[in-house]
Amino acid sequence: MGQVYSGPQALQCFFSMGTVFYVQLDSANFHEGSVASGTISFSLTKNCPAISVYLSIIGYESVMWKRRVRSGKHSRIVTFRDYALACNQRFQIMQSNESFLPGDYSYPFTFQVPSGLPGTYVHASGGYSDRAE
């Protein structure tokens, strides 16, 4: 079944021309290759020219660890960090050649969760624990 991806089910995405977009996911947990679905909603307070609505999924894999470094009689803890782009995909949800009147709009969407994304990792041993998401 692969990695399990977890996250919030409802997100307030961004502002565009004074409009707030909301994304509501049908589930907060996904497996690579599974189909994710939900709804993008927004409200318009004035007429809007023809628009396209896209859902962008951008994610980074990050890692952080600490290591004690000794130099003679002295030691210090050094923190190491690194990250890499894990996903950068854009899905067209809707396109219209007609103007939109003021009102509330909702559009359902589905997309396939890409393979190879990092999942959640938790490690505990002795007097320390690690958690990576």
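Summary of the structure given here.

Points about the packing of aromatic side chains
All told, the structure shown has six aromatic pairs when counted by the stated rule. When the centroid spacing of 6.2 Å and the interplanar angle of 15 degrees are considered together, the rings of Phe109 and Phe111 count as stacked. Phe109 sits in the buried class, given a relative accessible area of 5%. A network of ring pairs unites the aromatic residues Phe42, Phe100, Tyr105 and Tyr107 as a single cluster. Taking NZ or CZ as reference, Arg90 lies 3.7 Å from the ring centre of Tyr54, over its face.

A look at the pairing of strand E7 (residues 74-95)
Sheet topology places strand E6 (residues 52-71) next to E7; 20 bridges connect them, and they run antiparallel. Note on E7: the bridge partner recorded for Ser52 is Gln95.

Details of a nonpolar patch on the surface
Taken together, the side chains of Ile58, Tyr60, Tyr83 and Leu85 define a hydrophobic patch exposed on the protein surface, amounting to about 490 Å² of accessible area. Contributions of two or more residues to the nonpolar patch are made by E6 and E7. Note on Leu85: relative accessible area 48%, which makes it partly exposed.

Quick notes on the environment of Ser34
Summarising the element assignment, Ser34 is placed in the loop between strand E4 (29-31) and strand E5 (35-44). On the basis of relative accessible area, Ser34 is assigned to the partly exposed category, the value being 23%. In contact with Ser34, other than residues within four places in its own chain, are Phe111, Gln112 and Val113.

Let's talk about the nonpolar core
Core analysis: the biggest nonpolar cluster contains 22 residues, and Ile40, Phe42, Ile93, Phe100 and Phe109 have the highest contact counts within it. Not counting the four nearest positions on each side in its chain, Ile93 is found in contact with Ile40, Val53, Tyr54, Leu55, Tyr107, Pro108 and Phe109.

Rules used in this analysis
- Residues numbered from 1 in each chain as written.
- Predicted model: local features only at pLDDT ≥ 70, side-chain atom pairs only at ≥ 80, totals over all residues.
- Heavy atoms only, no water.
- Phe/Tyr/Trp six-rings, centres within 6.5 Å; stacked < 30°, edge-to-face > 60°.
- Buried < 20%, exposed > 50% of the residue type's maximum accessible area, 1.4 Å probe, protein only.
- Lys NZ or Arg CZ within 6 Å of the ring centre and 35° of its normal.
- Pairing = 2+ DSSP bridges.
- Helix = DSSP H or I, 4+ residues; strand = E, 2+ residues; numbered from the N terminus.
- Patch = residues over 30% accessible without salt bridge, like charges linked within 9 Å, V, L, I, M, F, W, Y side chains within 5 Å.
- Areas by Shrake-Rupley, 256 points an atom, 1.4 Å probe, with all protein chains shown as cover.
- Salt bridge = Lys/Arg side-chain N within 4 Å of Asp/Glu carboxyl O.
- Contact = heavy atoms within 4.5 Å.
- Core = buried A, V, L, I, M, F, W, Y, C linked by side-chain atoms within 4.5 Å.

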